[in-house]
Structures are given as structure tokens and as C-alpha cells.
Amino acid sequence: MKTVKYIYRLLAVGGLLLGASCNDYLDTVPDNRTEIDTPEKVGKLVASAYPKACYAINFNARVDYVTDSELSNKEKLSNTDPFFWREPNSTAQDSPNYLWSQCYRAISHANAAIEAGARFDDELTAAYIAEARLARAYSHFLLVTTFAQMYDPTAPEANDEHPGVPYVDESEDVSIKQYDRETVARTYERIGTDLTYGLEHLGSDAVHRVPRYHFNYAAAHTFASRYYAFRGEWEKVVEEASKVIPKPTDIKEVAPGIRNVSATDPAAIFALDNFQPWTTDYAKNGVKDVRPWYWRMTTKSNLLLCEMISSVASCGTMRYACSLADTNNTVNSANPTGGKWAYMCSGDNKPFSWVGKYENQFTKNNIYSTTGNNYSIYMLLHAEEALFNRIEAYIHLGQLDEAVADLNIFCRTRIFDHVTKDAYDEVENCLTLDRIYDFYAKYKPANGTPYEVLLADGGSKNPDYFMNKYNAYDTSSWDVKRQALLHFLLDCRRNEFLFEGIRYWDMWRYRIPIYHVTQLDQQGPSNWLMPGDDRWVLQIPEESVLSGVELNPRERLLTPEW
């Protein structure tokens, strides 16, 4: 059998990696003496094809549930710059520049694995190549949804005009190669090609010693459901998500006019067994058990995990983070079920309150060293997201009863009063479309802004409501009950993924204005990030210009810079 020598280059994707950190202690790439002469060695290359950089700190500081604690000793550029929607001033871990470099580093590993694997003709290598194609698609997806305009299913001409990101699908033999950003539409198309190939050829989960650190079956189809949700291909979202969590079939009348999914339905059982155990293990053992278990591979919710150099475990105690008021308005807020959310917060004191999801890990620089690096295990994909993506698709398809049924499945695993020990009641807490609408018809946001107020005085549609004013996905044409249903879903996603960064994508996709104010008493200077502002798109590292990559424009600033 012919052997292949894999030679790793720091500049494997030209100027796209310039300025990258040298902290590669988590990489398991063979060195330049390794001959790739077995499928197992191809697998080792694929294991390094995941981006070891966290977007959560940056995204979390940009959104709507962040308060200025005024603690200057807790200030970090990776937290401060995004709070003010400023250009990154750092290439360190948790910065956008670091994310860019680490994504392209992961892509270079995926390309090397694909090229090395092409010399072999066996099922194991085919499975590794499929995984590499999925990993390559994932890194490019992170890049295009961070450093390019958001894909707009209702404006194909815009997708064909806005620059995408360089799609790198081969290794280079020059140090600095020139790249074309092409377009957002073209980037998504190429992601879809890799994704489709990976799904069709993905091997058994048994291929991997630790499946949760690889694109296993559930992770791959959850990622696919996210990809198609961003593209607005709703039928495909339902198809992909339903490969992860079954559709409910046992829906019964629990009271006159009230229907709910049975607790013995396979979908309800799946959710109870595979979602984060907020109403079971965490409720039983208390908040002290959340942080040690939330991120572990034995927690079934975590479909895809990745080790990464990051301070994400400290994101809840950085200067710009959640106050007790913020968590009271999110994970501890009132909701249409009438019950209490089961989430538990650490801190619960001034100025910080957070949901503990990460732990700092430590590795020495070498076996004799007393110094080293902190890193965390980050959850790239959750089982809960598959259900959320299906609910979102149902709402867009007008299948509102199906959306409500899935929301009841979710709330059954999230309603629990830690004081009275009252759990979800299938009658008292059962969601209906009318119940959700009645809640949001009376809803007033904590910041008092009009963008999240469903109804105007007198009960008519509020023209300033974000769905009416900014009309993402043509939501202004929907009736108010359908709008309320989507609003509740977005709130559920916000609460579930607090401190994980996904809220920023949701606010961007649905054009929800973001309000920030300085000072703990909320009396300092304030500002808005409005839909359409160029600052939603993070800036590409300046070094990439060496590879012919144009920077993102900063011409359309709808509010003054801070």
C-alpha cells in the first residue's frame, strides 16, 4: 500500500492563519515525520479538524442580557470590545481574530485528512473522510455566520452580492495564497456540498472511541438542521431534526379543549432522557452539580464537544455579564406555562449571576513544568437544538399545532419549582396557542423598549414590534398568535443557551435591536445596535489582506460609535 507523508504547515491556508497563536497543545496532528500509512492515522488527522476557539465570550457580550458591573479589575478585551461593538484589538484567545485563525487551522487539518484518505479504499477511511467533510463544513459555517452578512432566504439577490468567506477545500504548497471571498450564497452552497457528502457517507458511531468528540450521527443531523434553518429551508429542517428526536404521536386530550403530548410518548421520553437534566439530577442535587456535569460527555444533551483554549468558564464574572436582574429577566422570568423555570444560577448576588456551564481545565506545558494553559470543554451542539430547530420550522411552515406540541415536550423537561418542588403539570402547565398569545399580549420588556412589545395600545399590531418593523423572514405578514409563538421560542432558546453565544445569531437573524447601557445603575451612556448596521458582521483580521481577502465595510453605522 502506498504511504503518504503529511507535512503540517502553520501557513497551510496562506495569510488566513497569520497571527495565529502558538498554543497548540490540544492538537493531536502528527508531526512532519509521520507517515499516514493506515486508516487509523487518517483518523488522528480528523480529530484535529475541529476549531479549538470559542465564540461564546464575544457573542455573549454583544447581546441584550448584559450589564456593566463597573468592576475594572474584571475587564478583558475579549469581553469589553464586543460589549461596545468595537473592532477587535487583540489576537488572543476568545477574540474574533483567534476564532478566524483556529477555524482555518481546523480546515487545513480536514483537508489534509481528506487528501491522505483518498489513497485508501476501505470503509473506515471512508467514514473518516465523511467526518472531515462535515468538520470542514462546520468551520466554514462558523466563519460565514460570523464574518459575513447573514443569509437572507427572502433576498436571494443580496446573498449573491454580499461577500462570503474564502472556502478552502485543498492544501496549498505556497506560504501565502490568494483567495476570493466569493459570495454568501456561494459559501452556503459549498457548505451544503460538504454537509450532504458527510451525511451520506458518515460511518457508525462505533468508529470513534469517544463519539461525543466527533461528528456522530445525532451531531451531524443537528448541525444539518441548523444549517437549513439559517437557509430557511424549513421542510429539510424538520427532516433532519426528526432524525435526532422523534415526532410525537401520542397526543391526548388532558382537559376539555386542552391537548398535550403524553408523558409516555417516545418523543417525550427521548427529551427526558437526552436533554440537560434540569428537572431530575440537577433539581435533586442542587446548583452545585450543574457546573461539574453540564459539559461532560456522559451528559447526553452534549452531542458534540471540543476542547479549546478559552476563558469561557469565567464569562459569567467578567465586567460585562449578567446581573441578578438579567437572570431574573431570562432564566428566572415568568413564562406562558405559569410554572417556574428549572434553571439554577450561581452567584445570585451583586453584581454577577450566571448559569454554571463550564469548568476550567489545566494542562502543563510539559511534564516537568509548573506552568501551562487553562482550557475548557465547550458544547458545540446540543440535543435541545434539534427540537428548537424543528419548532422554528413548524412555525414558518404554519404548522402551529405541531410547534406547540414540541414546545410542551421541551417545557416538560424545564418546569420545576425548587421551593415547592412542583414539577410540570400536564394540565396546569400545558401550552396552547391561546395561552402563549395571552402571555405576550400583556408582556412588557424589562428595558421598556417597544421592539419586543407585541401589541400597541388598543390591542392592534404594534408597528414598532421587531417582527413588524424589520420583517425578517416576512414575519410582518403573520397574525399576532403566530408571532407570539415565535417570540416564545426565541425566549426559550435565549434561556437554554445563556452564556453559549447562540442568542446573538438569533437576534441577528430576526433583526432584533440590541440595547446596551453602561454603569451598574443603568444611568451611564447607552447605545443601540440596530438591524442593518455593519457592526453586526465581525471584522476579518487585517492580516488576511495579504491573501487578497477584503475587509468588511464599516460604512453603514446606524448609531454613533461609543
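Criteria and cut-off values
Residues numbered from 1 in each chain as written. Predicted model: local features only at pLDDT ≥ 70, side-chain atom pairs only at ≥ 80, totals over all residues. Heavy atoms only, no water. Buried < 20%, exposed > 50% of the residue type's maximum accessible area, 1.4 Å probe, protein only. Helix = DSSP H or I, 4+ residues; strand = E, 2+ residues; numbered from the N terminus. Pairing = 2+ DSSP bridges. Expected span 1.5 Å × (residues − 1). Phe/Tyr/Trp six-rings, centres within 6.5 Å; stacked < 30°, edge-to-face > 60°. Lys NZ or Arg CZ within 6 Å of the ring centre and 35° of its normal. Disulfide = S-S within 2.5 Å. pLDDT = per-residue confidence, 0-100. Contact = heavy atoms within 4.5 Å. Salt bridge = Lys/Arg side-chain N within 4 Å of Asp/Glu carboxyl O. Polar contact = N/O pair within 3.5 Å; in protein donor to acceptor, adjacent residues only side chain to side chain.

Turning next to the pairing of strand β9 (residues 372–382). Burial analysis of β9 places nine of its eleven residues in the buried class, which makes it a mostly covered element. Of the strand pairs in this sheet, strand β6 (residues 302–308) and β9 are connected by six bridges, and their pairing is antiparallel. Bridge pairing in β9 places E307 opposite I377. By the bridge criterion, four bridges tie strand β8 (residues 361–364) to β9 in an arrangement that is antiparallel. For F362, the partnering residue across the bridge sits in β9 and is N374.

What sets the pattern is the α-helix's 3.6 residues per turn: residues three or four places apart point alike. With 15 residues, helix α14 (residues 383–397) should reach 21 Å at 1.5 Å per residue; the first-to-last C-alpha distance of 22 Å fits that figure. Counting buried positions along α14 gives 14 out of 15 residues, so the element sits mostly inside the fold. Phi for G398, located one or two positions after α14, is positive at around 80°.

Scanning the model with the defined rule gives 46 aromatic pairs in all. A ring pair is formed by W100 and F147, whose centres lie 5.1 Å apart and whose planes are at 85°; its orientation type is edge-to-face. Taken as a pair, W100 in helix α4 (residues 96–117) and F147 in helix α5 (residues 123–147) lie far apart in primary sequence, 47 residues in all. Summarising the burial analysis for this pair, W100 and F147 share the class buried. Summarising the aromatic geometry, the rings of W341 and F488 are spaced 6.5 Å apart at their centres and angled 20° between planes, so their arrangement reads as stacked. Of this pair, W341 sits in the loop between α13 (324–328) and β8 while F488 sits in helix α18 (residues 480–496), placing them 147 residues apart in sequence. For W341, a relative accessible area of 6% gives the class buried. Judged by its relative accessible area of 1%, F488 is buried. Its end group placed over the ring of Y197, R133 keeps NZ or CZ at 4.2 Å from the ring centre. The ring of W293 is capped by R296, whose NZ or CZ atom sits 5.0 Å from the centre of that ring.

The next point concerns the state of the cysteines. Under the defined criterion, the tally for this structure stands at zero disulfides. Here C103 is not disulfide-linked; the sulfur of C306 is the nearest cysteine sulfur, at 10 Å. We classify C103 as buried; its relative accessible area is 0%. Here C306 is not cross-linked by a disulfide; its sulfur's nearest cysteine counterpart is in C54, at 9.8 Å. Assessed through its relative accessible area of 3%, C306 is described here as buried.

So, on to the confidence of the model for the chain. Here the chain averages 92 in pLDDT, while 93% of its residues score no lower than 70. Counted against residues more than four places away or in other chains, residues 1–12, with its pLDDT under 50, gives 36 contacts. Contacts of residues 20–33 to residues separated by more than four positions or lying in other chains number 37 contacts, the stretch itself having pLDDT below 50.

Another aspect to go through is the pattern of salt bridges. Where charged atoms of side chains with opposite charge meet at close range, the side chains can pair. In this structure the tally under the stated criterion is 31 salt bridges. The salt bridge involving D37 is made with K41; its shortest N-O contact spans 3.1 Å. A salt bridge links E170 to K177; the shortest N-O distance between them is 3.1 Å. Take E170: its relative accessible area is 38%, and that puts it in the partly exposed class. A single salt-bridge network, built from bridges that share partners, covers D169, E182, R186, E189 and R190.

The terminal C-alpha atoms of helix α8 (residues 217–231), which comprises 15 residues, lie 21 Å apart, in line with the 21 Å expected from a rise of 1.5 Å per residue. Across the 15 residues of α8, 14 count as buried, placing the element largely inside the fold. Regarding α8, its N-cap is N216, as a side-chain oxygen of that residue lies 3.2 Å from the backbone nitrogen of A218 further along. Remark: G232 follows α8 within two positions and exhibits a positive phi of approximately 75°.

The next thing to look at is the side chain of N335. Within the fold, N335 resides in the loop between α13 and β8. Residue classification places N335 among the buried residues on the basis of a relative accessible area of 5%. Separated by 2.4 Å, the side chains of N335 and T337 make a polar contact. Not counting chain neighbours up to four residues away, the residues in contact with N335 comprise W341, I415, F439 and F488.

Within the secondary structure, N447 is located in the loop between α16 (433–441) and α17 (466–469). Spatially, the C-alpha atom of N447 lies 9.5 Å from that of D64, the residues being 383 residues apart in sequence.

Below, the discussion takes up unusual backbone geometry. Phi is positive for W85, close to 55°, though the residue is something other than glycine. With respect to the helices, strands and loops of the structure, W85 is situated in the loop between α3 (77–83) and α4. What makes W85 buried here is its relative accessible area of 4%. For E182, which is not glycine, the phi torsion reads 55° and is therefore positive. Among the structural elements, E182 can be located in the loop between α6 (156–159) and α7 (184–201). The exposure class of E182 is partly exposed, given its relative accessible area of 28%.

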